[in-house]
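So you can see what is in the structure, the chains are spelled out below.
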Amino acid sequence: MRRAGASMLVLALACGTAEAGTDNWRFDSGNDGLVTASVYATNKLITGGGALSYSPVLTIACRADGDPAWTEWLQLNDAVSASRKITVSVAIDGDSKFDESWSVGTRGRVLMRDGADGIKRLVPANRLLLSWRFGLLSGRGQADFDLAGFSEAVNQIAGNCKTDPP
């Protein structure tokens, strides 16, 4: 009987984890009130003349007292040559691509987009493909994200921010 009870407990815990669906997400809360959830791209980008590769990181963030309250950003290892804004091509669940203007952040290695609308449109999505130019002659970068658990991640950080999810 003990063995059956232990097996049921392990099975229940495993099912609970599977339902949460946020296994691929990393959560963080800063002292400044910023609450984040981040996921690595499923693909790798080559950097350093082909010597190294890395996966870009997509982060969604909420700040309880911030304006805007919601932000998303893409963390890169290689800098883009744009200084203020960059055009990012977006495809959600393999649908047609559309272009958005994203801000260029810290040393050209962060692409940011403020507002709840970008996060809201991703809640029902399964995949996100982002594409951008590193520079005039530098070629394009592309990051493919598996959004499993995205809705749960948004709800979790909204709860920590004490705000409504988008």
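Our structure's up above, just so we're on the same page.
These figures come from a predicted structure and were not determined experimentally. (Residues numbered from 1 in each chain as written. Predicted model: local features only at pLDDT ≥ 70, side-chain atom pairs only at ≥ 80, totals over all residues. Heavy atoms only, no water.)

Undergrad: Can you explain the overall build of the chain? Please cite residues and give values.
TA: On a plain count of helices and strands, the chain comes out with three helices and eleven strands. Each helix (α) and strand (β) of the chain, taken in turn from the N terminus, gives the series α-β-β-β-β-β-β-β-β-β-α-β-β-α. A burial count over the chain gives 38% of its 166 residues as buried. The contacts in the chain between residues at least 6 apart in sequence include a share of 54% that link residues at least 24 apart. (Helix = DSSP H or I, 4+ residues; strand = E, 2+ residues; numbered from the N terminus. Buried < 20%, exposed > 50% of the residue type's maximum accessible area, 1.4 Å probe, protein only. Contact = heavy atoms within 4.5 Å.)

Undergrad: Account for the pairing of strand 2 (residues 34-40), naming residues and giving values.
TA: The buried fraction of strand 2 is high, at five of seven residues. Alignment of strand 1 (residues 26-29) against strand 2, held across four bridges, turns out to be antiparallel. If you follow S29 over to strand 2, its bridge partner there is V35. Between strand 1 and strand 2, which pair antiparallel in sequence order, lie four residues; one of them, G33, sits at a positive phi of approximately 90°. Judged from the seven bridges that link them, strand 2 and strand 5 (residues 57-63) form a sheet pairing that is antiparallel. Of the residues in strand 5, the one forming a bridge with L34 is R63. (Pairing = 2+ DSSP bridges.)

Undergrad: Requested: an account of the sheet that holds strand 6 (residues 70-75), with residues and values cited.
TA: Strand pairing in a sheet takes place through backbone hydrogen bonds and is either antiparallel or parallel in direction. If you walk across this open sheet you meet the nine strands as 1-2-5-6-9-8-7-10-11, and the pairing is antiparallel. The open sheet has two edge strands, strand 1 and strand 11 (139-146), and neither has a second partner. Taken pair by pair, the neighbouring strands of this sheet meet at an average axis angle of 30°, ignoring direction. Where strand 7 (residues 85-92) and strand 10 (residues 127-135) come together, four bridges link them in antiparallel fashion. When the sheet's bridge partners are listed, S89 is paired in strand 10 with S131. Lying on the sheet, helix 3 (residues 150-161) is in contact with strand 1, strand 2, strand 5 and strand 6; it crosses strand 5 at an angle near 30°. (Axes fitted to C-alpha atoms, helices over the stretch in contact; angles between N-to-C directions.)

Undergrad: Could you give an account of the packing of aromatic side chains, with specific residues and numbers?
TA: In this structure the tally under the stated criterion is two aromatic pairs. Ring centres of W132 and F134 lie 5.8 Å apart, and the angle between their planes is 70°; on these two criteria the pair is classed as edge-to-face. For the residue pair W132 and F134, the accessibility class agrees, reading buried in each case. (Phe/Tyr/Trp six-rings, centres within 6.5 Å; stacked < 30°, edge-to-face > 60°.)

Undergrad: Now, about helix 3: what can you tell me, with residues and values included?
TA: With twelve residues, helix 3 extends 16 Å from end C-alpha to end C-alpha; this agrees with the ideal 16 Å at 1.5 Å per step. Here helix 3 has its buried residues at F150, A153, V154, I157, A158 and C161. Axial view of helix 3: buried residues confined to an arc of 130°, hence all on one face. In the stretch just after helix 3, K162 is the one whose phi turns positive, near 60°. (Expected span 1.5 Å × (residues − 1). Arc of directions from axis to C-beta.)

Geometry only, nothing functional implied.
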